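Commentary on secondary and tertiary structure
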Amino acid sequence: QVQLVESGGGLAAPGGSLRLSCATSVNIFSFNSMGWYRQAPGKQRELVAVRGTLGLTDYANSVKGRFTISADVEKNTVYLQMNNLKPEDTAVYYCNLRTSRDDYWGQGTRVTVSS
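Below is a short write-up of the structure. On a predicted model such as this, the values are computed, not experimentally measured, just so you know.

What follows is about the state of the cysteines. Enumeration over the complete set of coordinates arrives at one disulfide. Each sulfur in the disulfide pair C22 and C95 lies 2.1 Å from the other. Because the torsion about its S-S bond is -80 degrees, the bridge between C22 and C95 counts as left-handed. Placement of the pair is C22 in strand β3 (residues 18–24) and C95 in strand β9 (residues 91–98), with a sequence separation of 73 residues.

In C-alpha cells, the structure reads:
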C-alpha cells in the first residue's frame, strides 16, 4: 500500500516562500513521474510541476521561475519550493506519484497567500 503524506502548507504573505513536502512509503524510483497539482476554489485541478525519474522537469507557465520541484531519494520525499508567492497561488496542493499502471495522490495541503 503506497502512502503519501504531505506537509508544509500554510499562510504566506505575497512575495513569501513555502516548501511543500510529500513523503512516500516506497522508493521514489518506483515511480515514472512525481508531480504537484493544485486546485483553487471553484476551479479544476491543474498541474503545477512534474519531474520524471531522469530528472527532467516541467512547470505550469504561471509558476515558471518561482517554483522548483525536487526529490530526495534517501528520504523518499518530493518537494515543491515555492518562492515569490502570489495571491493567485492560493489553492489546495496535491502530490501525485505515478507508475505505468497506478496513480497515487496525497491528501492535499492548503496554501493561502494573503497579506
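On to the nonpolar core. Side chains of a nonpolar character, in soluble globular proteins, are inclined to be buried together. Counting residues in hydrophobic clusters, the biggest one holds 28 residues, and the most contacted among them are W36, V48, F67, L80, M82 and Y93. Looking at this core, the elements that each hand over two or more residues are β3, β4 (33–39), β5 (46–52), β7 (67–72), β8 (77–82), β9 and β11 (109–113).

Another aspect to go through is the packing of aromatic side chains. With the rule as written, the count across this model stands at two aromatic pairs. Taking the centre distance of 6.0 Å and the plane angle of 80 degrees together, the rings of F31 and Y104 count as edge-to-face. Within this pair, whereas F31 is found in the loop between β3 and β4, its partner Y104 is found in strand β10 (residues 103–105), the two being separated by 73 residues in sequence. On the basis of relative accessible area, Y104 is assigned to the partly exposed category, the value being 22%. Centroid distance Y37 to W105: 5.0 Å. Interplanar angle 65 degrees. Geometry classified as edge-to-face.

Before going further, it helps to examine the sheet that holds strand β1 (residues 4–7). Through backbone hydrogen bonds, the strands of a sheet pair up, either in parallel or in antiparallel fashion. Across the sheet, four strands lie side by side as β1-β3-β8-β7; this open sheet has antiparallel pairing. The open sheet is flanked by β1 and β7, the only strands paired with a single partner. This sheet shows a mean twist of 15 degrees between the axes of neighbouring strands, independent of strand direction. With six bridges connecting them, β3 and β8 associate as antiparallel partners. Bridge pairing in β8 links L20 to L80.

The rules behind the values
- Residues numbered from 1 in each chain as written.
- Predicted model: local features only at pLDDT ≥ 70, side-chain atom pairs only at ≥ 80, totals over all residues.
- Heavy atoms only, no water.
- Disulfide = S-S within 2.5 Å.
- Helix = DSSP H or I, 4+ residues; strand = E, 2+ residues; numbered from the N terminus.
- Core = buried A, V, L, I, M, F, W, Y, C linked by side-chain atoms within 4.5 Å.
- Buried < 20%, exposed > 50% of the residue type's maximum accessible area, 1.4 Å probe, protein only.
- Phe/Tyr/Trp six-rings, centres within 6.5 Å; stacked < 30°, edge-to-face > 60°.
- Pairing = 2+ DSSP bridges.
- Axes fitted to C-alpha atoms, helices over the stretch in contact; angles between N-to-C directions.

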